[in-house]
Amino acid sequence: MAEIIDGKAVAREVREAVKNEVEKLGRERGLVPGLSVVLVGEDPASQVYVRNKGKACEKTGIRSVQHTLPEDTTQERLLGLIEELNNDPSVHGILVQLPLPPHIDEHSVIEAISPEKDVDGFHPFNVGRLVVGRPAFRPCTPAGIMRLLDSTGIDLTGKEAVVVGRSNIVGKPVAFMLLERNSTVTICHSRTEDLPEKIARADVLIGAVGRPEMIKGEWIKPGAVVVDVGINRVPERGLVGDVEFESAARRASWITPVPGGVGPMTIAMLLRNTVEAAKRAADGSGA
Ligand code: GUN
């Protein structure tokens, strides 16, 4: 039976470390890290995420400001706000909650954020730096996944890592982060042929497709470490992941639960990136 990777406990450790760092920055340098969070429209899930990000900042001593814009906000207006935030020295991190309403081009918005304030790590500058192995803001959910893998003590070098899902937010960046740690990485997606055969090779399996229990426990290699990024709401059952938990836990050596696995890590890593952005701005070292 697999051991559980306790995302809540690991996230708490990260948040504690960030809190101490924020206190130290305030005490020694009079620096208060600032995060601006932009929400366009009224998507209920996004409203919850944004509220939780604000609360987490407050508890950590990070000054967070939420900008809520109506659903019919023009792209021009949104880009104008980003420009203001780019130029505001009290703002160290800018996060535009995704998805955006369909009339707004997500790529143009992400590219308008100063790379040195891009605490989501979504700007092509930061993505490019990840790909070439240079320091940069790493996207929060993938960074959280790596932290959870490290909490198991697994040595990733030479391991077969299979990522199911190729989103810009999770699948692609986590694949490069695993590669950076010397894993042999396969990225699977909706067009992949013979998915069970690919998954059966995985010493490390990352489920990030967003389809409830699509990955069956019987496909999993005995002893694998399984990280489930999926948070799918299923009528009458509540939240389930992308992996069939019960059967997977009988084969895996370690597995994340849903909820309480990857979820809590995203905000913890966002806090860490925001403090990093504030330190770099104060040191004048840019992105
Ligand atoms: N929507 C879902 N996850 C994320 C995230 O990590 N950052 C932003 N900005 N939007 C998201």
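Structural data are supplied above this passage.
Residues numbered from 1 in each chain as written. Predicted model: local features only at pLDDT ≥ 70, side-chain atom pairs only at ≥ 80, totals over all residues. Heavy atoms only, no water.

Participant: It is not clear to me how the site of the ligand should be interpreted in this structure. Could you clarify?
Facilitator: Taken together, the residues surrounding the ligand are Leu95, Val96, Gln97, Leu98, Asp120 and Phe122. Residue Val96 places a main-chain N or O atom 2.9 Å away from a nitrogen atom belonging to the ligand. Gln97 places a side-chain nitrogen or oxygen 3.3 Å from a nitrogen atom of the ligand. About the coverage of the ligand: the protein hides 83% of its 280 Å² of free accessible area. (Near = heavy atom within 4 Å. Polar contact = N/O pair within 3.5 Å; in protein donor to acceptor, adjacent residues only side chain to side chain. Areas by Shrake-Rupley, 256 points an atom, 1.4 Å probe, with all protein chains shown as cover.)

Participant: Looking at this structure, how should I read the packing of aromatic side chains?
Facilitator: We describe a pair of aromatic rings using the distance from one ring centre to the other and the angle between the two ring planes. Taken as a whole and assessed by the stated rule, the structure comprises zero aromatic pairs. Residue placement shows Arg280 over the ring face of Phe137; its charged tip is 4.3 Å from the ring centre. (Phe/Tyr/Trp six-rings, centres within 6.5 Å; stacked < 30°, edge-to-face > 60°. Lys NZ or Arg CZ within 6 Å of the ring centre and 35° of its normal.)

Participant: In this structure, what is going on with a negative patch on the surface? I would like to understand it.
Facilitator: Where like charges cluster on the molecular surface, the negative patch consists of Glu42, Asp43, Glu71 and Asp72. Inspection of the secondary structure assignment puts Glu42 in the loop between β2 (34-40) and α2 (44-60). Residue Glu42 is classed as exposed on the basis of its relative accessible area of 63%. (Patch = residues over 30% accessible without salt bridge, like charges linked within 9 Å, V, L, I, M, F, W, Y side chains within 5 Å. Salt bridge = Lys/Arg side-chain N within 4 Å of Asp/Glu carboxyl O. Lys, Arg positive; Asp, Glu negative; His and termini not counted. Charge placed at Lys NZ, Arg CZ, Asp CG, Glu CD. Helix = DSSP H or I, 4+ residues; strand = E, 2+ residues; numbered from the N terminus. Buried < 20%, exposed > 50% of the residue type's maximum accessible area, 1.4 Å probe, protein only.)

Participant: I tried to follow the pairing of strand β5 (residues 160-164) on my own but got confused; where do I start?
Facilitator: On a regular strand, one side chain projects to one face of the sheet and the next to the other, so that they alternate. Burial analysis of β5 places four of its five residues in the buried class, the great majority of the element. Sheet topology places β5 next to strand β6 (residues 184-188); five bridges connect them, and they run parallel. Looking across to β6, one finds that Val164 is bridged to Cys188. With respect to chirality, the unit in which β5 leads through helix α7 (residues 171-180) into the neighbouring parallel β6 is right-handed. When β5 meets strand β7 (residues 204-207), the two strands line up parallel, connected through four bridges. Bridging from a neighbouring strand, Val162 pairs with Leu205 of β7. (Pairing = 2+ DSSP bridges. Right-handed = clockwise from strand over helix to strand, strands pointing away.)

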